[in-house]
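# Report on the structure
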Amino acid sequence: QVQLVESGGGLVQSGGSLRLSCAASGSIFSIYVMGWYRQAPGKQRELVASITTDGSTRYADSVKGRFTISRDNAKNTVYLQMNSLKFEDTAVYYCNGRPLTGFDSWGQGTQVTVSS
């Protein structure tokens, strides 16, 4: 089992930056892909960015060029650097860990609010 704990959310003005962190513990060797998802009020949860164990990344079109996902294997931590934030980036951001087989692990979520 994998435990994921997010941090770094908060309130920021439009155009500002935030960095989210996701610390993993437990059976982290089983994780193949780490990702960040977000869910805004009244909307479905969506993938924001993901990174595999070999460093391959994937981004939602809406955040390309503004967000960067990275990982520090020594610290078992994944980061999401968010620049040029927009009002529509406001959401609860969730960290996700996906193994090759079995069930995903999720963090508790961290609120990001961008004021216009």
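Anything mentioned here points back to the structure above.
Residues numbered from 1 in each chain as written. Predicted model: local features only at pLDDT ≥ 70, side-chain atom pairs only at ≥ 80, totals over all residues. Heavy atoms only, no water.

What follows concerns the state of the cysteines. Taken as a whole, this structure holds one disulfide when the rule is applied. Shown here is the disulfide that connects Cys 22 with Cys 95, its sulfur atoms set 2.0 Å apart. What sets the handedness of the Cys 22 and Cys 95 disulfide is the S-S torsion sign, and at about -80° it is left-handed. With Cys 22 in strand E3 (residues 18–26) and Cys 95 in strand E9 (residues 91–99), the pair connects residues that are 73 residues apart, well separated along the chain. (Disulfide = S-S within 2.5 Å. Helix = DSSP H or I, 4+ residues; strand = E, 2+ residues; numbered from the N terminus.)

A few words now on unusual backbone geometry. Most peptide bonds are trans, and most residues other than glycine sit at a negative phi. You will see that Asn 76, though not glycine, has its phi angle at about 50°, which is positive. Relative to the elements of secondary structure, Asn 76 occurs in the loop between strand E7 (67–72) and strand E8 (77–82). What makes Asn 76 partly exposed here is its relative accessible area of 32%. Notably, Ser 84 is not glycine yet its phi reads approximately 50°, a positive angle. Note that Ser 84 resides in the loop between E8 and E9. Owing to a relative accessible area of 41%, Ser 84 belongs among the partly exposed residues under this scheme. (Buried < 20%, exposed > 50% of the residue type's maximum accessible area, 1.4 Å probe, protein only.)

Our focus in this paragraph is the environment of Thr 101. Looking at the secondary structure, you find Thr 101 in the loop between E9 and strand E10 (105–106). Residue Thr 101 is classed as exposed on the basis of its relative accessible area, which comes to 68%. Taking C-alpha positions, Thr 101 is 12 Å from Phe 29, a pair spaced 72 residues apart along the chain.

With that settled, the discussion passes to the side chain of Ser 50. Looking at where Ser 50 falls in the secondary structure, it is placed in strand E5 (residues 46–52). Looking at Ser 50, the relative accessible area reads 10%, which means it is buried. Discounting residues that sit within four places of it in the chain, Ser 50 has contacts with Val 33, Met 34, Gly 35, Ser 56, Thr 57, Arg 58 and Ile 69. (Contact = heavy atoms within 4.5 Å.)

Moving on: the nonpolar core. Judged by nonpolar contacts, the single largest core of 27 residues is most densely connected at Met 34, Trp 36, Val 48, Phe 67, Leu 80, Met 82 and Tyr 93. The set of elements that each furnish at least two residues to this core consists of strand E1 (2–7), E3, strand E4 (31–39), E5, E7, E8, E9 and strand E11 (110–115). When residues in this core are grouped by element, the largest group, four residues, is from E3. For Met 82, the residues in contact, after removing those within four places along its chain, are Gly 16, Ser 17, Leu 18, Leu 20, Arg 66, Phe 67, Tyr 93 and Val 112. (Core = buried A, V, L, I, M, F, W, Y, C linked by side-chain atoms within 4.5 Å.)

If you walk through the whole model with that rule in mind, you get one aromatic pair. Aromatic side chains Tyr 37 and Trp 106 sit 5.0 Å apart centroid to centroid with 65° between the ring planes, which places their arrangement in the edge-to-face category. Highlighted residues: Tyr 37 in strand E4 and Trp 106 in strand E10, separated in sequence by 69 residues. On the basis of relative accessibility, which here comes to 36%, the residue Trp 106 falls in the partly exposed class. Positioned over the ring face of Tyr 94 is Arg 45, at 3.8 Å from the centre of the ring. (Phe/Tyr/Trp six-rings, centres within 6.5 Å; stacked < 30°, edge-to-face > 60°. Lys NZ or Arg CZ within 6 Å of the ring centre and 35° of its normal.)

Shape is all these values report; function is a separate question.
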